[in-house]
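Structural features, examined
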Amino acid sequence: MLNLIKLSVGPKDVAALAALQALRVKQDPPLRAWTRMFPKRVEELCSGGSIYWVIGGFVRVRQRILEIREEEWDDQTPCAALVLDPNLVMVEARPVKPFQGWRYLKPEEAPADVNQARPPTRGLDALPPKLRRDLAELCLI
């Protein structure tokens, strides 16, 4: 199994990425993300691999890669279409420097999934709303 890491261009937070993808899957299913370069290690990526999205300088979420297809942009330039599971899985936020395209990400280097069953943090109501949103976006609460 192998993963990809890629910058999310446009969406400024996880909610914006989710909204964009929900619109895309309604308009033109299945859910796909396109990239110019076609990965050479397709079998490893499609055997349980995920794409890890970098949003606002941090790895935030991942999605399972279901399939990789050869497609074309509107101008008939070849591209790779990554067919994705629509389910976004929150991961532990990790800062990432900007880069172009995508990179392979070994499973042992990937951030861990956030435990959705963890107990709620106490005292959050005393924090200002903007601070609560920022901490939640960083997966700290």
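Refer to the structure printed above.
Described below are features of the structure shown in this document. These numbers come from a predicted model, not from an experiment.

1. A look at the packing of aromatic side chains
By the definition in use, this model includes one aromatic pair. Ring plane angle 70° and centroid distance 5.0 Å describe the contact between tryptophan 102 and tyrosine 104, whose orientation is recorded as edge-to-face. Between the NZ or CZ atom of arginine 41 and the centre of the ring of tyrosine 104, over which it lies, the distance is 5.2 Å.

2. What about the side chain of glutamine 21?
In this structure, glutamine 21 sits in helix α1 (residues 14–27). The exposure class assigned to glutamine 21 is buried, which follows from its relative accessible area of 6%. Setting aside its immediate chain neighbours within four residues, glutamine 21 contacts Leu31, Trp53, Gln63, Leu84 and Leu88.

3. Points about the pattern of salt bridges
For the structure shown, the criterion picks out six salt bridges. Across the pair aspartate 28 and arginine 32 runs a salt bridge, and its minimum N-O distance is 2.5 Å. Judged by its relative accessible area of 7%, arginine 32 is buried. With a shortest N-O distance of 3.6 Å, arginine 32 and glutamate 71 are connected by a salt bridge.

4. Focus: the nonpolar core
Most often, soluble globular proteins have nonpolar side chains that are buried together. Judged by nonpolar contacts, the single largest core of 17 residues is most densely connected at Leu4, Ile51, Trp53, Ile65 and Leu84. Sorting the residues of this core by element identifies α1, β3 (50–55), β4 (58–72) and β5 (78–84) as the ones contributing at least two each. Apart from the residues within four sequence positions on either side, isoleucine 65 is in contact with Leu4, Leu45, Cys46, Gly49, Ser50, Ile51, Val83 and Leu84. Among the nonpolar cores identified, the runner-up in size contains eight residues, and Tyr52, Val59, Val91 and Ala110 belong to it.

5. Section: α1
Spanning 14 residues, α1 covers 20 Å between terminal C-alpha atoms, matching the ideal 20 Å at 1.5 Å per step. By the burial criterion, the buried members of α1 are Val14, Leu17 and Gln21. The buried residues of α1 all sit within an arc of 60° when viewed along its axis, so they share a single face. What points out from α1, more than 90 degrees from its buried face, is the exposed set Ala15, Lys26 and Gln27. In this structure, the buried side of α1 is in contact with β3, β4, β5, β6 (89–95) and α3 (129–137). Where α1 begins, one side-chain oxygen reaches toward the backbone nitrogen of alanine 15, 3.3 Å away; that side chain belongs to aspartate 13.

6. Side note on the environment of alanine 80
Among the structural elements, alanine 80 can be located in strand β5. Judged by relative accessible area, alanine 80 falls into the buried class, the value being 0%. Residues alanine 80 and tryptophan 34 lie 46 residues apart in sequence; the distance between their C-alpha atoms is 5.6 Å. Apart from residues lying up to four places away in sequence, alanine 80 is in contact with Ala33, Trp34, Thr35, Arg36, Met37, Phe38, Pro39, Ile68 and Arg69.

What counts, and at which threshold
- Residues numbered from 1 in each chain as written.
- Predicted model: local features only at pLDDT ≥ 70, side-chain atom pairs only at ≥ 80, totals over all residues.
- Heavy atoms only, no water.
- Phe/Tyr/Trp six-rings, centres within 6.5 Å; stacked < 30°, edge-to-face > 60°.
- Lys NZ or Arg CZ within 6 Å of the ring centre and 35° of its normal.
- Helix = DSSP H or I, 4+ residues; strand = E, 2+ residues; numbered from the N terminus.
- Buried < 20%, exposed > 50% of the residue type's maximum accessible area, 1.4 Å probe, protein only.
- Contact = heavy atoms within 4.5 Å.
- Salt bridge = Lys/Arg side-chain N within 4 Å of Asp/Glu carboxyl O.
- Core = buried A, V, L, I, M, F, W, Y, C linked by side-chain atoms within 4.5 Å.
- Expected span 1.5 Å × (residues − 1).
- Arc of directions from axis to C-beta.
- Polar contact = N/O pair within 3.5 Å; in protein donor to acceptor, adjacent residues only side chain to side chain.

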